Amino acid sequence: MSKSLQAIRGMNDILPEQTPLWRYFESTVARLCDNYGYKQIRTPIVEFTELFKRSIGEVTDIVEKEMYTFEDRNGDSLTLRPEGTAACVRAVLEHGITGGGQTQKMWYIGPMYRHERPQKGRYRQFHQIGCEVFNLDGPDIDAELIVLTWRLWGQLGIRDAVKLELNSLGTSDSRGRYREALVEYLSAHLDKLDEDSQRRLKTNPLRVLDTKNADTQAVLVDAPKMADYLDDESRVHFDGLKARLDAAGIPYVINPKLVRGLDYYSKTVFEWVTDKLGAQGTVCAGGRYDGLVEQMGGKPTPGVGFAMGIERLILLLETLEQVPEEISRQVDVYLCAFGEAAELAALALSEKVRDQLPNLRLQINAGAGSFKSQFKKADKSGALYALILGDDELGQQVIGFKPLRGQGEQQNIAFDALAAHLATCVVQG
Ligand code: HAM
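Predicted model, so just to flag it, every value in this text is computed and none were measured.

Draft legend 1. Just the sheet that holds strand β7 (residues 163–168), in detail. As summarised here, the arrangement of the eight strands in space is β1-β5-β6-β11-β10-β9-β7-β8, forming an open sheet in which the pairing is mixed. What marks the edges here is a single partner per strand, and that holds for β1 (39–40) and β8 (253–254). With six bridges connecting them, β7 and strand β9 (residues 266–273) associate as antiparallel partners. The residue bridging S168 from the neighbouring strand is T268, located in β9. Sheet strands touched by helix α9 (residues 232–248): β7, β8, β9 and β10 (282–288). Its angle to β7, the strand with the most contacts, is close to 160°.

Okay, here's the thing in structure tokens:
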């Protein structure tokens, strides 16, 4: 195929055979968000570039080198959203829905865009589901967000494969004091730092803690620790969160080097990581961003949230073989009809059945075909039962009912009794 007719590298089709798993995942999360009192928000995929520069931070990897930015026909600089938090902040400000200290608990789902080097679990178009909460500053809501994700892992059957890492970046005051101490320490060991860390030391020193370079990691062993610089407010908040996680029985590890790649965080930061997916092991991440709304021009409004990467969680479900069997079955009943008269009767009959059983997944054979070929298609469809209508059955106003997966004998059912019979043997979703 010529190159121009292929999908863009790092941007994937999700094929019909994959979408049942996606829909299962998405509906599980959506139901959970509803149950915890979060309402969905939908924002545009494209925003002014300025929004992401000002919120995510000018000297982050995302803004420096990963954004899909272009000029539109008006000459405005626009960007495909690399994440969802910035747009939520913009939307609550624009519509005044956090005014007067009003609480907002929202969730979103959709594609995000980052020009990263594609590999397993890392794509240029990927999908996130996230939650954001505004105007609640206590650790109780941080705990709720984590509890919600923990419940999700339980429902998906992947609890044993994920681990919660937790840290506090403190208030901006305590972070400022820590940054100073870290810069002073690292500057004294400048020659032992890798090139990237030397650059980050000047632009975004906390990100040095994130380094993968072994020499720099060795220098960091004796570096000042963030925990020693937390002010009372930050420490009380962090202790409050830990106490709640303990009470809820959620295991976690404190990772003092967890700093996150976006600049807007304060106090709580967390990541759910797995060792089952190779290098791209963070399946969900988030934290508190108490200064962001104000920084974007609003009144001081605390915020906290997370986002999970859908592709990574789908990969994890597949890797752990936690894909429920029933989700891949798309058809309950497959109707085979032979000859034109039977086809016409089959259409009328199946519409009547659909009226009575709106949730029944009934597929009618299309494209005619011999008994053998229609039967093969019925079997391949995954249906539990085949319905068979030929001239003989039509003459008697009955339809053949044949279990395809070994549950019982074939029998004839009167047209009038078909819906009632199907209702007894097919579990309605
Ligand atoms: P993030 O850590 O940049 O945070 O992304 C959250 C999650 O999205 C990651 O943990 C990962 O699962 C997934 N993800 C990120 N990049 C890719 C990629 N290139 N390919 C596949 N999956 C990816 C945020 O986006 C913040 N907005 C999270 C947040 C919400 N913090 C507070 N509220």
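Now that the structure has been shown, we can carry on.
Draft legend 2. Seen up close, the pattern of salt bridges. Counting across every chain of the model gives 21 salt bridges. A salt bridge links K65 to D61; the shortest N-O distance between them is 3.7 Å. Within this pair, K65 and its partner D61 are both found in helix α3 (residues 61–66), separated by four residues, close to a single helical turn. Its salt-bridge partner being E94, residue R90 comes within 2.7 Å of it at the nearest N-O pair. Of this pair, R90 and E94 are both found in helix α4 (residues 85–95), four residues apart, which corresponds to roughly one turn of the helix. Among the ionic contacts, a cluster of salt bridges with common partners joins D61, E64, K65, D196, R199 and R200.

Draft legend 3. Spatial organisation of the packing of aromatic side chains. Taken as a whole, this structure holds nine aromatic pairs when the rule is applied. Note on F371 and F375: the rings are 5.2 Å apart at their centroids and 15° apart in plane angle, and the pair reads as stacked. Residue F371 and its partner F375 are both found in helix α13 (residues 371–380); the two are separated by four residues, about one turn of the helix. By relative accessible area, which is 18% here, F375 ends up buried. Aromatic ring contacts, followed pair by pair, group F134, Y264, Y265 and Y289 into a single cluster.

Draft legend 4. Summary view of the UniProt feature "binding site: L-histidine" (unreviewed entry) in the protein. The residues that UniProt annotates with the feature "binding site: L-histidine" (unreviewed entry) are E83, G84, T85, R114, Q128, E132, R260, Y264 and Y265. Along the chain, the position of E83 falls in the loop between β4 (77–80) and α4. E83 sits in the buried class, given a relative accessible area of 3%. Among residues more than four places away in sequence, those in contact with E83 are F52, I56, M112, R114, Q128, L262 and Y264. Among the polar contacts made by the side chain of E83, one reaches the main-chain amide nitrogen of T85 at a distance of 3.2 Å. Beyond its immediate chain neighbours, meaning those up to four positions away, R114 contacts I62, E66, Y68, P82, E83, Y123, R124, F126 and Q128.

Draft legend 5. The pairing of β4, seen in detail. Where strand β2 (residues 46–48) lies against β4, three bridges are found, and the strand directions are antiparallel. Bridge pairing in β4 places V46 opposite L80. Here four bridges tie strand β3 (residues 68–71) to β4, and the two strands are oriented antiparallel to one another. Within β4, the residue paired with T69 across the bridge is T79. Taking the residues between adjacent antiparallel strands as the criterion, β3 and β4 are bridged by five residues, where G75 takes a positive phi near 85°.

Draft legend 6. Structural view of empty space enclosed by the protein. Overall, the coordinates contain one cavity of 30 Å³ or more when judged by the stated rule. In this structure, the largest cavity occupies an estimated 60 Å³ of space. Together, V59, T60, D61, E64, R199, R200, T203, N204 and R207 line the largest cavity. Elements that contribute at least two residues to the lining of the largest cavity include exactly α3 and α7 (195–203). Per-element tally for the lining of the largest cavity: the top contributor is α7, with three residues. Looking at side-chain class alone, the lining of the largest cavity contains one nonpolar, three polar and five charged residues.

Draft legend 7. Fine view of the environment of T268. The residue T268 is located in strand β9 in this model. In this structure T268 comes out as buried when scored by relative accessible area, which is 1%.

Conventions adopted
- Counting from 1, residues in each chain are numbered in the order their sequence is written.
- Totals for whole chains, interfaces and linings use all residues, but because this is a predicted model, local features are given only for residues with pLDDT of at least 70 and pairs of side-chain atoms are given and counted only at 80 or more.
- Side-chain numbers come from the whole structure's heavy atoms, not from hydrogens or water.
- A pair of strands is treated as paired once DSSP finds two or more bridges between them.
- Where helices and strands are cited, they refer to DSSP runs of H or I of at least four residues and of E of at least two residues respectively, numbered from the N terminus.
- Here a residue-residue contact requires only that any non-hydrogen atoms of the pair lie within 4.5 Å.
- Fitted lines through C-alpha atoms give the axes, limited to the stretch in contact for helices. The angle between two N-to-C directions lies from 0 to 180 degrees.
- Note on definitions: salt bridges are taken to be side-chain nitrogens of Lys or Arg within 4 Å of carboxyl oxygens of Asp or Glu.
- Only rings of Phe, Tyr and Trp enter the pairing, Trp through its six-membered ring, and a pair is recorded when the two centres are within 6.5 Å. The plane angle decides the type: under 30 degrees is stacked, over 60 is edge-to-face, the rest tilted.
- Throughout, exposure labels follow a simple rule: accessible area from a 1.4 Å probe, protein chains only, divided by the maximum for the residue type, with under 20% read as buried, over 50% as exposed, and the rest as partly exposed.
- UniProt positions are given in the numbering used here, feature names are shortened, and annotations may be inferred rather than shown by experiment.
- Counted as a polar contact is a pair of N or O atoms within 3.5 Å, where, for protein atoms, one must be capable of donating a hydrogen and the other of accepting one, and residues adjacent in sequence contribute only when both atoms are in side chains.
- Of the two site types, the cavity is a set of points on a 1 Å grid over the protein atoms alone where a 1.4 Å probe fits but cannot get out, and the pocket is an open set with protein on both sides within 12 Å along at least five of seven lines, each lined by residues with an atom within 4 Å of a point.
- Grid points are joined across faces, edges and corners, and a volume is the space filled by probe spheres set on the points.
- Residue polarity follows a fixed list, in which Ala, Val, Leu, Ile, Met, Phe, Trp, Tyr, Cys and Pro are nonpolar, Asp, Glu, Lys and Arg are charged, and the others, Gly among them, are polar.

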